[in-house]
Amino acid sequence: MARGAFGSSDAEIDLLVRGKRCGIAVVGFGYIGTVIGAVLADRGWPVTGIDVRQSVVDELNLGKTSVAEPGLSELVANSVRTGRLRATTDFGVIAENDFVIVNVGTPLGPDYEPIVDDIKAAAAAVGEHLQAGHVVILKSTVPPDTTETLVRPILEAASGLRAGVDFGLAFCPERLAEGQAIHELTSIPVVVGAVDERSARACATLWRHALGVDSVVVDDPRTAEMVKLADNLWVDLNVAMANELAKLCDQLDMDALQVIDAANTMPKGTHNVNILRPSMGVGGYCLTKDPWFVNHLGESVGLELSIPRTSRTVNDTMPTYTYGLLTQLLADQGKAIQDSKIAVLGIAFKNNTGDCRLTPTKYVCALLEESGCQLSVHDPWVPDDEAVTVTSVPLSPDIESAVKDADALVVLAGHREFHQTPLTRLADLTAAGCVFLDGRNSFDPAAVRAAGFVYKGIGR
Ligand SMILES: NC(=O)c1ccc[n+]([C@@H]2O[C@H](COP(=O)([O-])OP(=O)(O)OC[C@H]3O[C@@H](n4cnc5c(N)ncnc54)[C@H](O)[C@@H]3O)[C@@H](O)[C@H]2O)c1
């Protein structure tokens, strides 16, 4: 039986998707799965989330999510209420869905190798319920050849069906950034690498109608798998370059942001130079691991690559560098860190998110805790049970109590809330000669100095 998205004519697939008659199963309802599932449901498609964690399923069915992404809670609540979004641990629902989107995690192992155990388990469970006409789309970040040589054989063995003949199979990397995920999901083109042309067309039809975005169809899944790694290697390396420029500018007493902004006006190739911003560190699930995937891939073919190691090493130095800047700034004020009160503002790895996964702020907090200083920490985005993964200091409930009598304010996440309290009010609350170390370069140095602080940014 050729039900659904694979094997029908283009016009039939178009009608099926456009008419919102195709069911979409989203396997792995973590960060990415929840964003994709909630957006597709909000735009009118019936979505079933499948996750092995019962707690995630129960929470979702109550119309809630603990994924901290702006706008996501509302989408989840509305879509569950209207019945377009539900979740289950039962893979049997795969049978009722035309598209199966897999977003399980792919963490790093102890030797920086990718762990694909969840991919294998998810593929086996999906395969058991796969039917002719289904299209399986893998979105987890994986090393090249994973779709063809790992996922495909598992799906085929478990289902008795053939990819590219009975069911569709493609790899479409997820390239959205946390904090603006909902907007990016519906604006960034999707890269499609499929095992055959019909699978590619079915995916492109889904993304065109369901997300309103174009597809960039590449030759095969392995090319699409490499695209994702190339994107993240570029970002990590670019930030590493900005961070080394910042260290240099700190020594030479220059403003790295002025240098970068002016440098970025030079046309090169089809675009301008685009150096990203220096900061106190790089965190999150992707940039901290994907360059290691590339490094591991190089090793697997006998290549000793320099760039992934370099970008990771440089970016991993930034928390210690930031702590060093702080001790120097305090010393310049005649203060020793162990005798100082330090207020950390923001512990999420990214501005305006509550995500603390692999956050570099953890290393700054650890150094501060070891220093013997009196430490307060405030982050309006991070729940208490997440904050304990970063610091043993309980979160202060508000910015004013956190900064009271502080000798130094250390901004580790540039959340918008920190800009809502007037700088003069913060200066009134803090000790005389208070140091303001902006680890995210998110404040205007002149305004901070005008309020009476001793300002320092990363590279400025
Ligand atoms: N977080 C990001 O910003 C981002 C961006 C782009 C790509 N990615 C990639 O997307 C993938 C998912 O990332 P994430 O941040 O959503 O991870 P996550 O850890 O938040 O979510 C993974 C989910 O999969 C579930 N799961 C594990 N094994 C399962 C199985 N066998 N069957 C069903 N569910 C299972 C887990 O319970 C969890 O809820 C990763 O490969 C990641 O590299 C992440």
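Preceding this paragraph is the structure being described.
First things first, this report covers the structure right here in the doc. This one's a predicted model, so the numbers in the text were calculated from it and none came from an experiment.

1. Some details on the sheet that holds strand S4 (residues 99-102)
Alright, step 1. Pairing is mixed across the open sheet formed by eight strands, whose spatial order is S3-S2-S1-S4-S5-S6-S7-S8. A strand with exactly one partner marks an edge of an open sheet, and here the two such strands are strand S3 (85-88) and strand S8 (215-218). Direction aside, neighbouring strands of the sheet carry axes that sit 25 degrees apart on average.

2. Examining the side chain of lysine 139
Alright, step 1. By the secondary structure assignment, lysine 139 is in the loop between strand S5 (135-138) and helix H6 (146-159).
Alright, step 2. The class of lysine 139 is buried, set by a relative accessible area of 4%.
Alright, step 3. A polar contact of 3.4 Å, which involves the side chain of lysine 139, links it to the backbone oxygen of proline 173.
Alright, step 4. Apart from the residues within four sequence positions on either side, lysine 139 is in contact with Ile36, Ile101, Val102, Asn103, Phe171, Cys172, Pro173, Glu174 and Trp207.

3. Overview of the side chain of threonine 391
Alright, step 1. Within the fold, threonine 391 resides in the loop between helix H15 (384-387) and helix H16 (399-403).
Alright, step 2. Judged by relative accessible area, threonine 391 falls into the buried class, the value being 3%.
Alright, step 3. At 2.6 Å, the side chain of threonine 391 forms a polar contact with the side chain of glutamate 369.
Alright, step 4. Look past the residues within four positions of threonine 391 in its chain and what remains in contact with it is Cys365, Glu369 and Val377.

4. Looking at empty space enclosed by the protein
Alright, step 1. One pass over the full model with this rule turns up two cavities of 30 Å³ or more.
Alright, step 2. Volume-wise, the largest cavity comes out at about 70 Å³.
Alright, step 3. Lining the largest cavity are Lys139, Pro173, Glu174, Arg175, Glu184, Leu185, Ile188, Pro189 and Val190.
Alright, step 4. Volume-wise, the second largest cavity comes out at about 60 Å³.

Conventions and cut-offs
- Residues numbered from 1 in each chain as written.
- Predicted model: local features only at pLDDT ≥ 70, side-chain atom pairs only at ≥ 80, totals over all residues.
- Heavy atoms only, no water.
- Pairing = 2+ DSSP bridges.
- Helix = DSSP H or I, 4+ residues; strand = E, 2+ residues; numbered from the N terminus.
- Axes fitted to C-alpha atoms, helices over the stretch in contact; angles between N-to-C directions.
- Buried < 20%, exposed > 50% of the residue type's maximum accessible area, 1.4 Å probe, protein only.
- Polar contact = N/O pair within 3.5 Å; in protein donor to acceptor, adjacent residues only side chain to side chain.
- Contact = heavy atoms within 4.5 Å.
- 1 Å grid on protein atoms, 1.4 Å probe; cavity = no way out; pocket = protein on both sides within 12 Å on 5 of 7 lines; lining within 4 Å.
- Points joined across faces, edges and corners; volume = space filled by probe spheres on them.

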